[in-house]
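Structural description and commentary
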Amino acid sequence: AGFAHDQMNDASDESDDDSSIIFLSDDEDLEEPGVLQSLKSGVLPIDINTMYSVCLLGTGGQDYAALNYLENTLQTDHLDMFDGEQSPNEDSIGDEHNWIAFRKQFASPLGKTSMITIIADVVKDRPPGLASRRILGIFRSHLKLVDRNDGLDDILSGSNELLRANMLKILLAAAKLSIRCDALEMRKLNQPGVEESEVAKSVVADVVQTLTTLTRFQHIMWNPNSYDWSLKGVSVEMLSIFCEALDVLVKATTLAKHGVRSDTLDVSVIMSRCLVSTIFQAGSLPAKPGASIEHDTWKTFPLPNEWQTDFERKLSLKAYNLCVACCVSAFSGWETEEFSVDKLRSRDDDTNLFGITFANSRVAGFLSDEITSSIGQQWQRVQTLLPNLEALDFDTHLDKRKEAEWYQKIIDSAAQQRGKVSTFGEDDGIKSLLSFSMLCLIAADAKKNQNDQGNFLKLSMSILLPITQFIIDKHVWASNIGVENQTDRDEVDYYLDEKHRWMGQTKTTKVVRFQSRPKPAVHQPSQQQRQKQTPRSFQSPKPPAARSRPKISKLIKVPTSVLLDEWSKDESHKLTNAGEAERAMKKMDYAMKNLRKSRTLNALEQSSLDVSAALIDVAATEECYNPFLCLQQAAMYAELGSKLGSNDEPFKKCLPSKERCTALEALVILGRADCLRAIYFLHEAQYLCSWVISVCRLHRDRQEATFLWNDRWRVIGVLCYVTKATIDQTGENLRNNKKSALTLRKWEDGAQEEANRGKSDALILLGTDSSEVGNELPQIEVDDNTANSGNDSTMLDASQHDLMLDASQHETGLVSQNGNGLVAEPFDFNQLGELPVPVIEDVQMGGEYDGIQVVGI
């Protein structure tokens, strides 16, 4: 077989003509003797030949034959550069890239780009070998060809999801393979007779080329999620490549006996610093350097920090956050603000570790042996650059730290974790910073000018000092980074269990900080005692007496069933988009699961806003059984979220044109307005309500022939009245309680007129005479003692919930039975006139949670 492959390769090398490469066509008739004989001789259709080559690469040991097949295939014109279909189907947009590619490979022939993407998936995790440089050549040739003909920047910023993902895979695979080939090349430095300077120069040039590629596409590859500061797979892979590249760069500059030229070293530092500023969110370097360092000013610890520029302070903060994230599983090290327990978030897996301590009013933890060994080596190099500085025996301090009982327990707890504590590559982030720090120390050692040497030293010390203080728990510099905030001590109580798992936080008046819950004593009664014991009934503590409030006498009650019946009379809207409804319900289910996992107040607030936005998406589909209940609960969950700030982002959507706005779209817009009201964006809520009122007026106007008036728009008119009254009442309560200086804009005359018509529509739906309801707004007393009290409630039932409509506010409540039928018992409003929110613990879930039961698709 090997001889046959050699013959084929020799034949292909003798001629550059594509006609010498023969492939079978899918249209060939296998009954013809010549075609069958060609198939037996190894001539395959081009698709099968390509997949056969991939299989040879995957099995290993046959790379030579596989690469010959691939190179012959790439030389032909039988395959297009890209797949025939320019973009995936609309239904596939939300799917994972691998699943889209898998379906596409069965739907249409492969293009050259998709073929090389498959090869990249196969070889990306393989250790470098003899064929690695040849595979790297295939990747680079294809990237150069695409860049020359189509432009990589245009493709990576284009709308074709699949093509963009394929090109990113090839770029990252080529960068990773290049770095690993350079690491393999470094082994030559230990061989006799090898010119070390030439090897080091070649490796450094190759690494700099890789860093240049990463720098060119850094804003496409590096996109952390600003909502929870998580990283996507592309960003994590880019960080891993950057970490390996800096490691190879440091080894190349240190292992070479004659060193590396100063200009080459400067280019390496500049390219590395550019990526460091982007990845670690440090911003751009200042135009003018900061205060210079004189060697005789640093003598003893703790060192000062006044010399730091804004760039260097951000670098120190990011180094500290990354250290914390390697010990705290619920924290993302890519947060832009300094670590605090309010920034902890829930995780999808069972990993739960809180491996930091505040024993000396400093945040301290642990890091891997690989990282700590690098820090010790850097302090030795610092000692040579700053001979007047007090010696810091890092290894001795670390050994003493490891002997502490707390440290040993944390290491045991970390070893028992099933998943990785640093979810988003924070460990690679620390390694990258330490490699960059070492590169700066090497550059400082090579500089003769004191100012240049001082600038490199400042960059290195901005990384080295916060990490050192975090590991050995010693006060090594005067910065406030990593120092416990004393103002939080009197406000919040934090709990950990005996395995250092984070159990959440709670408001308290006690001054207790990170107290482990005592393990309850287990008492095992005898068998006779167990037989005599009667089962205990667990009763909830008696709730406090509800505060008195005046009854609302002027009340219009419109049951949800009445609104739903009126809404359902219009049968012209058919259920045609089941896929969209299914996606909305999956989003709803995912948001509810995250809400149930919330362990901190911050996580609860953020998850509640996600649930609110998901409920609105469910209500926006015709398949939703009761959109009114979905939107009401959306506002209730929104009230659990943080007020003001940027929390209105989930509720920002483009408005349709008034001519094409449907009743369902108007209903959803009112729901968004109610959610914005709940988080105190009253101007935005007022604008959306006014916009729907203007559309409703057009439909009510008989002179507007293009705007039809039907049963659904009658319901919209009723809800316009409710939403307007609720916004007014919330604004009044905020002003009365001095919670906000916000003043609502004056409603237009047409808006007030339409709201009055909506109130009349509500009376018509109930068959009530308008004279039975007065125009005077009820005055509700406010109890200041209940301003911060929580509201307990139960999940509402769609079949029994009534909508309470009043001239000033609408209320929600549980259903009770009386002589007149089902009537909602109103909840108490809090001081701000807010609706109560359901308490998660009150919801009884049997077995596995399968979504909110009140929404039927």
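Residues numbered from 1 in each chain as written. Predicted model: local features only at pLDDT ≥ 70, side-chain atom pairs only at ≥ 80, totals over all residues. Heavy atoms only, no water.

The helix and strand inventory of the protein chain stands at 28 helices and seven strands. Out of the 857 residues belonging to the protein chain, those deemed buried represent 49%. The contacts in the protein chain between residues at least 6 apart in sequence include a share of 74% that link residues at least 24 apart. Total accessible area computed for the protein chain in this model is approximately 43,300 Å², and 48% of it derives from carbon and sulfur atoms. (Helix = DSSP H or I, 4+ residues; strand = E, 2+ residues; numbered from the N terminus. Buried < 20%, exposed > 50% of the residue type's maximum accessible area, 1.4 Å probe, protein only. Contact = heavy atoms within 4.5 Å. Areas by Shrake-Rupley, 256 points an atom, 1.4 Å probe, with all protein chains shown as cover.)

Within the largest apolar cluster, 141 residues are counted, with the highest numbers of intra-cluster contacts made by Phe-139, Phe-339, Phe-354, Ile-356, Trp-379 and Ile-467. No other element matches the twelve residues that helix H9 (residues 161–185) contributes to this core. Those residues within four positions of Ile-467 in sequence are excluded, and the remaining contacts are Ala-319, Cys-323, Leu-367, Ile-375, Ile-430 and Leu-434. Counting residues in each nonpolar core, the second largest holds 61 residues, with Val-611, Cys-630, Ile-716 and Trp-747 among its members. (Core = buried A, V, L, I, M, F, W, Y, C linked by side-chain atoms within 4.5 Å.)

Turning our attention to a negative patch on the surface. On the surface, Asp-393, Asp-395, Asp-399 and Glu-403 cluster together to form a negatively charged patch. By relative accessible area, which is 43% here, Asp-399 ends up partly exposed. (Patch = residues over 30% accessible without salt bridge, like charges linked within 9 Å, V, L, I, M, F, W, Y side chains within 5 Å. Salt bridge = Lys/Arg side-chain N within 4 Å of Asp/Glu carboxyl O. Lys, Arg positive; Asp, Glu negative; His and termini not counted. Charge placed at Lys NZ, Arg CZ, Asp CG, Glu CD.)

Let us now look at the packing of helix H24 (residues 627–638) against helix H25 (residues 663–678). Between H24 and H25, whose axes approach to 8 Å, the crossing angle comes to 20 degrees. In terms of orientation, H24 and H25 fall into the roughly parallel class. The handedness of the crossing between H24 and H25 comes out as right-handed. In contact with Pro-627, Phe-628, Leu-631, Ala-634, Ala-635 and Ala-638 of H24, H25 contributes Leu-667, Val-668, Gly-671, Asp-674, Cys-675 and Ala-678. Looking at the contact of H24 with H25, its residues break down into ten nonpolar, one polar and one charged. (Axes fitted to C-alpha atoms, helices over the stretch in contact; angles between N-to-C directions. Parallel < 35°, antiparallel > 145°, perpendicular 65-115°, else oblique. Left-handed = near helix turned anticlockwise from the far one by under 90°. Nonpolar A, V, L, I, M, F, W, Y, C, P; charged D, E, K, R; others polar.)

What follows covers helix H10 (residues 196–216). Counted at 1.5 Å a residue, the expected span for H10 with its 21 residues is 30 Å, and the 30 Å between its end C-alpha atoms agrees. Considered for burial, the residues of H10 that qualify are Glu-196, Val-199, Ala-200, Val-203, Val-204, Asp-206, Val-207, Val-208, Thr-210, Leu-211, Leu-214 and Thr-215. Along its buried surface, H10 packs onto helix H7 (132–149), H9, helix H11 (218–221), helix H12 (233–255) and helix H13 (262–279). (Expected span 1.5 Å × (residues − 1).)

Another point: the confidence of the model for the protein chain. Per-residue confidence for the protein chain gives a mean pLDDT of 75; residues scoring 70 or more make up 70%. Within the model, the stretch residues 530–555 combines pLDDT values under 50 with 26 contacts to residues more than four positions away or in other chains. Counted against residues more than four places away or in other chains, residues 769–857, with its pLDDT under 50, gives 201 contacts. (pLDDT = per-residue confidence, 0-100.)

This next bit is on the pattern of salt bridges. The full count for this structure, using the stated rule, is 39 salt bridges. Among the ionic pairs, Asp-206 bridges to Arg-133, the shortest N-O distance being 3.4 Å. Taken as a pair, Asp-206 in helix H10 and Arg-133 in helix H7 lie far apart in primary sequence, 73 residues in all. Between Arg-700 and Asp-761 there is a salt bridge; the shortest N-O distance is 3.0 Å. In this pair, Arg-700 is assigned in helix H26 (residues 682–700) and Asp-761 in helix H28 (residues 749–766), connecting sequence segments 61 residues apart. The two residues Arg-700 and Asp-761 agree in class, both being buried. Salt bridges here are not isolated pairs; linked through shared partners, they connect Glu-566, Lys-569, Arg-700, Arg-714, Glu-754 and Asp-761.

Moving on: the side chain of Asp-648. Mapped onto the secondary structure, Asp-648 falls in the loop between H24 and H25. Ignoring any residue separated from it by four or fewer positions in sequence, one finds Asp-648 in contact with Leu-676, Ile-679 and Phe-681.

A full pass over the atoms with the stated rule returns seven aromatic pairs. Ring plane angle 75 degrees and centroid distance 5.1 Å describe the contact between Trp-222 and Trp-334, whose orientation is recorded as edge-to-face. Of the two residues, Trp-222 is situated in the loop between H11 and H12 and Trp-334 in the loop between helix H14 (310–325) and helix H15 (369–385); the sequence distance between them amounts to 112 residues. Summarising the burial analysis for this pair, Trp-222 and Trp-334 share the class buried. Their ring planes at 85 degrees and their centres at 5.6 Å tell us that Trp-567 and Phe-628 sit as a pair that is edge-to-face. You can see Trp-567 sitting in helix H21 (residues 560–568) and its partner Phe-628 sitting in helix H24, a full 61 residues away along the chain. The two residues Trp-567 and Phe-628 agree in class, both being buried. (Phe/Tyr/Trp six-rings, centres within 6.5 Å; stacked < 30°, edge-to-face > 60°.)

This part covers the environment of Leu-601. Assignment of secondary structure puts Leu-601 in helix H23 (residues 601–619). Distance in space between the C-alpha atoms of Leu-601 and Lys-343 is 9.1 Å, their sequence separation being 258 residues.

What follows is about the environment of Glu-237. Assignment of secondary structure puts Glu-237 in helix H12. By relative accessible area, which is 22% here, Glu-237 ends up partly exposed. Discounting chain neighbours no more than four positions away, the residues touching Glu-237 are Leu-172 and Lys-176.

Okay, the environment of Asp-427 next. Counting through the fold element by element, Asp-427 comes out in helix H18 (residues 426–446). Asp-427 sits in the buried class, given a relative accessible area of 15%. Separated by 60 residues in the primary sequence, Asp-427 and Leu-367 have C-alpha atoms spaced 8.7 Å apart. Ignoring any residue separated from it by four or fewer positions in sequence, one finds Asp-427 in contact with Cys-326, Ile-371, Lys-420 and Ser-422.

The next subject is unusual backbone geometry. With an omega dihedral of 0 degrees, the bond running from Phe-301 to Pro-302 counts as a cis peptide bond. Among the secondary structure elements, Pro-302 is positioned in the loop between H13 and H14. Positive phi is not limited to glycine here, since Ser-361 has a value of about 60 degrees. Among the secondary structure elements, Ser-361 is positioned in the loop between H14 and H15. Positive phi values are uncommon outside glycine, yet His-500 reaches one of about 60 degrees. Relative to the assigned elements, His-500 resides in the loop between strand E1 (492–496) and strand E2 (502–507). A residue is classified by how much of its surface remains accessible, and His-500, at 10% relative accessible area, is buried.

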